[in-house]
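# Observations on the model geometry
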Amino acid sequence: MKAAVLVKPREIQMRDIPKPVPRRDEVLVRVKSVGICGSDSHLYKTGGTGPVRMSGPLILGHEAAGVIEEAGDEVKNRKIGDRVSIEPGIPCFKCSFCLSGKYNVCPDMRFFATPPVDGAFTEYVKVPEILSFPLAANTSFDEGALLEPFSIGLWACHRSGVSPGSSVLVTGCGPLGITSIMAAAVCGAAKIIAVDVQDFRLEFARRAGATVVLNSSQGDIIPQVLAATNGLGADVAIEATGVIELVQSLHEMVMRGGKIVIAGISAHTDFVPVPLRYLMRKEIDILSLYRYANMYGKALNIVEARKVDLGSLVSQTFPLEKVQEAMEFVEHNPDKAMKVIIRQT
Ligand SMILES: [Zn+2]
Ligand SMILES: [Zn+2]
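Now for a description of the structure that goes with this document. (Residues numbered from 1 in each chain as written. Chains lettered and ligands numbered in written order. Predicted model: local features only at pLDDT ≥ 70, side-chain atom pairs only at ≥ 80, totals over all residues.)

### Side note on the packing of helix H4 (residues 147–160) against helix H10 (residues 296–304)
Orientation of H4 relative to H10, taken along the N-to-C sense of each, is 105°, at an axis distance of 9 Å. As the angle between them shows, H4 and H10 are arranged roughly perpendicular. Facing Leu 147, Phe 150, Ser 151 and Leu 154 of H4, the residues of H10 in contact are Tyr 296, Lys 298, Ala 299, Leu 300 and Val 303. Taken together, the residues that form the contact of H4 with H10 break down as 7 nonpolar, 1 polar and 1 charged. (Axes fitted to C-alpha atoms, helices over the stretch in contact; angles between N-to-C directions. Helix = DSSP H or I, 4+ residues; strand = E, 2+ residues; numbered from the N terminus. Parallel < 35°, antiparallel > 145°, perpendicular 65-115°, else oblique. Contact = placed C-beta atoms within 7 Å. Nonpolar A, V, L, I, M, F, W, Y, C, P; charged D, E, K, R; others polar.)

### Notes on the sheet that holds strand S2 (residues 11–16)
Read from one edge to the other, the open sheet built from 3 strands follows the order S2-S1-S6, with strand pairing classed as antiparallel. Looking at strand neighbours, the two that pair on one side only are S2 and strand S6 (58–59), the edges of this open sheet. Here 2 bridges tie strand S1 (residues 2–8) to S6, and the two strands are oriented antiparallel to one another. When the bridges of S6 are listed, Leu 6 appears paired with Leu 58. (Pairing = 2+ DSSP bridges.)

### Quick word on unusual backbone geometry
For residues besides glycine, phi is generally negative; the peptide bonds are generally trans as well. With an omega of 5°, the peptide bond between Pro 115 and Pro 116 qualifies as cis. With respect to the helices and strands, Pro 116 occurs in the loop between strand S10 (110–111) and strand S11 (124–128). Positive phi outside glycine occurs at Ala 113, with the angle close to 60°. As for its position among the elements, Ala 113 is in the loop between S10 and S11. C-beta crowding within 10 Å serves as the criterion here: with 24 such atoms nearby, Ala 113 is assigned to the buried category. Positive phi, close to 45°, is recorded for Glu 283, a residue that is not glycine. Overall, the presence of 9 C-beta atoms within 10 Å leaves Glu 283 in the exposed class. (Buried ≥ 20, exposed ≤ 12 C-beta atoms within 10 Å, placed from the backbone.)

In structure tokens:
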């Protein structure tokens, strides 16, 4: 089968590699749509993500959907021809974290496109049956792929208790910010304030359900956020920019007793000093996120019920042979690229 292989930073080659053979409990999926994520772009540019470096050739792509073409002997609830979304993290299913439902922190997690595990910019991938989620007829492969970032948005809202009537501040309106806005809206948030420096992205934010949009390049956002929240600040802030100065000022825009969810971190630093005294005085909780657990089924139900339009995030598509071109496009067009999809027919 064909695969787009990152051989070193900024060099992707099309290679012929062996097609995976599903084990007894696995399905083989013919890949149809794969989203390009910020982590893919970062690996493409630098060959690493956080402390993890690529040790050899790597296939990127972890936001994927496709059609089941083979099923192992023990597969019970999927069949050949099923259209599915793929949850891309394969935990051990045995450790105490897996058994307690927090499989996202399984120490033996094998996550697509995280060195040394290959991803989905290829013709076929295999996954355990239970990590393939059947798509309804009204749900496209692109939407199936985008269940991944949407699951992170849902996890952010779940962790921070966003509920009917909540006020939510979302800083950063890339795909993760936008799916967080969508998630906050379906969780019942009544006031959603979106912040970005690009009007292009704020337009997506508005369509996704933001009730107030603020361009932070055009003035101080703190008084504007306070004005939009009766001077109190938001119940919850979901931070998706990784901009350190912004992280450090969030306590001024969050209500007493509120919560800050750190959904993204700058690619260039491991340590971020935070104003602990000010956070303590207002008893603001800081929550971190690591991917998500048990969100795909819910995400799928929400998309199937047409409560969110994940397809509206797709800004461009490229074929498998043009992954490198797509990566370059994403990097050089922040004012045009929201979610770029690698599509196969
Ligand atoms: Zn992603
Ligand atoms: Zn485990």
